[in-house]
Amino acid sequence: MADMPRIFKATAEIVLPSPGVTMGRLCERFSEFGAVSGQGRCRRIETGFGIADVEACGRCLKICAAGKDEVALAYVKLSMAEHLLTLTETTPSIVWEGDGMAGAPLPYFREMRVKKAVNITPRMRRLTLVGENLQRFAHGGYHVRLLIPKPGDTVPRWPVMGADGRPLWPAGEDRPDIRIYTLRRIDAEAGEVDIDFVLHDGAETPGARFAGTAQPGDVVGMTGPGGGTAPEADWILLLGDETALPAIARILAELPTTTTAVVRMEVADED
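Residues numbered from 1 in each chain as written. Predicted model: local features only at pLDDT ≥ 70, side-chain atom pairs only at ≥ 80, totals over all residues. Heavy atoms only, no water.

Description of the nonpolar core
Part 1 of the reasoning: Counting residues in each nonpolar core, the largest one holds 24 residues, and the members touching the most others are L26, I45, I63, M80 and W96.
Part 2 of the reasoning: If sequence neighbours within four positions are ignored, I63 has contacts with A10, T11, A12, I14, A52, D53, V54, M80, L84 and W96.
Part 3 of the reasoning: Counting 19 residues, the second-largest nonpolar core is a separate cluster that includes V144, V193, F197 and V220. (Core = buried A, V, L, I, M, F, W, Y, C linked by side-chain atoms within 4.5 Å. Buried < 20%, exposed > 50% of the residue type's maximum accessible area, 1.4 Å probe, protein only. Contact = heavy atoms within 4.5 Å.)

Here you go:
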């Protein structure tokens, strides 16, 4: 008999003033984008990442989270914690036990290094980044979050897994800036991605600042993926400004030949 695939699991018991009420709110929230089943004090919440079995006891909410791999489990724990903290009047203590312990590296994080940087238009700069184990970034969405070190930070500190399943970030000036970008191209086998940056002016543009000065060997963090993918339709209309060019270009590249696409872009000038 072939070995059964391993399921990654973690559990938490969260003390709450009204566990049953909170469970109802949690299930209502997840029913908007997942599947909720069960009745009484026991419910099952199924998301795109995995499953959470929830039980409302006298003084606490018991949650058993499960996913097919470390990344899936991490996202189930993260989503449970994020929603619980917004649905309760108090700030409950959430401590997971099991797989994916506190202090471990985030399984959906990768440290990337700049391989090359080229200007593809006067205001669009393409960075080719290299890293390890990028297969998961080839599906599940076009977008990633880049964790951009502060200027002069040659040894950046990255977030780790918090006890509640959320990222635990470095404090103060050690915390990197975060910006969302589209993966314009990914070659998981070669361990490469291309990301296009619009070179905005202004002080509050850490992505443009990083891209504008990037040199081979510079380090940046990457988490994800997320966001949407190419829609399934016979005809689509795509609208955007120059910051949407990478996403629209990737959508067009992956559409089937039977789909008609109309694109309307607003850019600064002919360059």
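Picking up where we left off.
Thoughts on the sheet that holds strand 15 (residues 219-226)
Part 1 of the reasoning: What the seven strands build is an open sheet, ordered 12-9-15-7-8-14-13; its pairing is antiparallel. Pairing within the sheet leaves two strands with one partner each, and these edge strands are strand 12 (177-182) and strand 13 (185-187). Between one strand axis and the next, the sheet turns by 35° as a mean value, whatever way the strands run.
Part 2 of the reasoning: As judged from the five bridges shared by strand 7 (residues 109-121) and strand 15, these two strands associate in the antiparallel manner. Across the sheet, residue F109 finds its bridge partner in strand 15, namely T223. (Pairing = 2+ DSSP bridges. Helix = DSSP H or I, 4+ residues; strand = E, 2+ residues; numbered from the N terminus. Axes fitted to C-alpha atoms, helices over the stretch in contact; angles between N-to-C directions.)

Digging into the packing of helix 1 (residues 19-30) against helix 2 (residues 70-87)
Part 1 of the reasoning: At their nearest, the axes of helix 1 and helix 2 sit 10 Å apart, and the two run at 120° to each other. In terms of orientation, helix 1 lies oblique with respect to helix 2. Relative to helix 2, the crossing made by helix 1 is right-handed. Taken together, the residues of helix 2 that come into contact with helix 1 (itself represented by T22, R25, L26, R29 and F30) are S79, M80, H83, L84, T86 and L87.
Part 2 of the reasoning: Class assignment of the residues belonging to the contact of helix 1 with helix 2 gives a composition of five nonpolar, four polar and two charged. (Parallel < 35°, antiparallel > 145°, perpendicular 65-115°, else oblique. Left-handed = near helix turned anticlockwise from the far one by under 90°. Nonpolar A, V, L, I, M, F, W, Y, C, P; charged D, E, K, R; others polar.)

Some points on the side chain of D164
Part 1 of the reasoning: Its place among the elements puts D164 in the loop between strand 10 (160-161) and strand 11 (167-168).
Part 2 of the reasoning: On the basis of relative accessible area, D164 is assigned to the buried category, the value being 16%.
Part 3 of the reasoning: Among all residues touching D164, those that are not within four sequence positions of it are K77, A81, L85, I94 and W96.

Let's talk about the environment of D99
Part 1 of the reasoning: You can see D99 is positioned in the loop between strand 6 (97-98) and strand 7.
Part 2 of the reasoning: Separated by 64 residues in sequence, D99 and A163 place their C-alpha atoms 11 Å apart.

Brief notes about the environment of E270
Part 1 of the reasoning: Mapped onto the fold, E270 is located in the segment after strand 17 (260-266).
Part 2 of the reasoning: Separated by 79 residues in sequence, E270 and G191 have C-alpha atoms that sit 34 Å apart.

Brief notes about the layout of surface pockets
Part 1 of the reasoning: In this model, the largest pocket occupies a volume close to 640 Å³.
Part 2 of the reasoning: Lining the largest pocket are 26 residues, and of these F49, Y75, L78, Y108 and R145 lie nearest its centre.
Part 3 of the reasoning: At the level of elements, helix 2, strand 9 (143-148), strand 12 and strand 15 are the ones that each hand at least two residues to the lining of the largest pocket.
Part 4 of the reasoning: Sorting elements by how many residues they give to the lining of the largest pocket places helix 2 first, with five residues.
Part 5 of the reasoning: Among the residues making up the lining of the largest pocket, the classes are represented as 15 nonpolar, nine polar and two charged. (1 Å grid on protein atoms, 1.4 Å probe; cavity = no way out; pocket = protein on both sides within 12 Å on 5 of 7 lines; lining within 4 Å. Points joined across faces, edges and corners; volume = space filled by probe spheres on them.)

So, the sheet that holds strand 1 (residues 8-15)
Part 1 of the reasoning: With antiparallel pairing, six strands are arranged side by side in an open sheet as 2-3-4-5-1-6. The open sheet terminates on both sides in strands that have one partner only, identified here as strand 2 (35-39) and strand 6.
Part 2 of the reasoning: Pairing between strand 4 (residues 50-56) and strand 5 (residues 60-67): seven bridges, direction antiparallel. Paired with A52 across the strands is A65, a residue of strand 5.
Part 3 of the reasoning: Running over the sheet, helix 2 touches strand 1, strand 3 (42-46), strand 4 and strand 5 and is turned about 155° from strand 5.

So, unusual backbone geometry
Part 1 of the reasoning: At the junction of G224 and P225, the peptide bond is cis and its omega measures out at 0° in the coordinates.
Part 2 of the reasoning: Within the secondary structure, P225 sits in strand 15.

Remarks on helix 3 (residues 206-213)
Part 1 of the reasoning: Turning to helix 3, its buried residues are P206, G207, A208, F210 and A211.
Part 2 of the reasoning: Along its buried surface, helix 3 packs onto strand 7, strand 8 (124-130), strand 9, strand 12, strand 14 (192-198) and strand 15.

What about the pairing of strand 7?
Part 1 of the reasoning: The sheet contact formed by strand 7 and strand 8 spans seven bridges and is antiparallel. Across the sheet, residue A117 finds its bridge partner in strand 8, namely L127.

Considerations on the packing of aromatic side chains
Part 1 of the reasoning: With the rule as written, the count across this model stands at five aromatic pairs.
Part 2 of the reasoning: Here F49 and Y75 contribute two aromatic rings whose centre-to-centre distance is 4.6 Å and whose plane-to-plane angle is 40°, an arrangement assigned as tilted. Of this pair, F49 sits in the loop between strand 3 and strand 4 while Y75 sits in helix 2; the two residues are 26 residues apart in sequence, bridging distant segments of the chain.
Part 3 of the reasoning: Taking the centre distance of 5.2 Å and the plane angle of 45° together, the rings of F109 and W158 count as tilted. Of this pair, F109 sits in strand 7 while W158 sits in the loop between strand 9 and strand 10, placing them 49 residues apart in sequence. (Phe/Tyr/Trp six-rings, centres within 6.5 Å; stacked < 30°, edge-to-face > 60°.)

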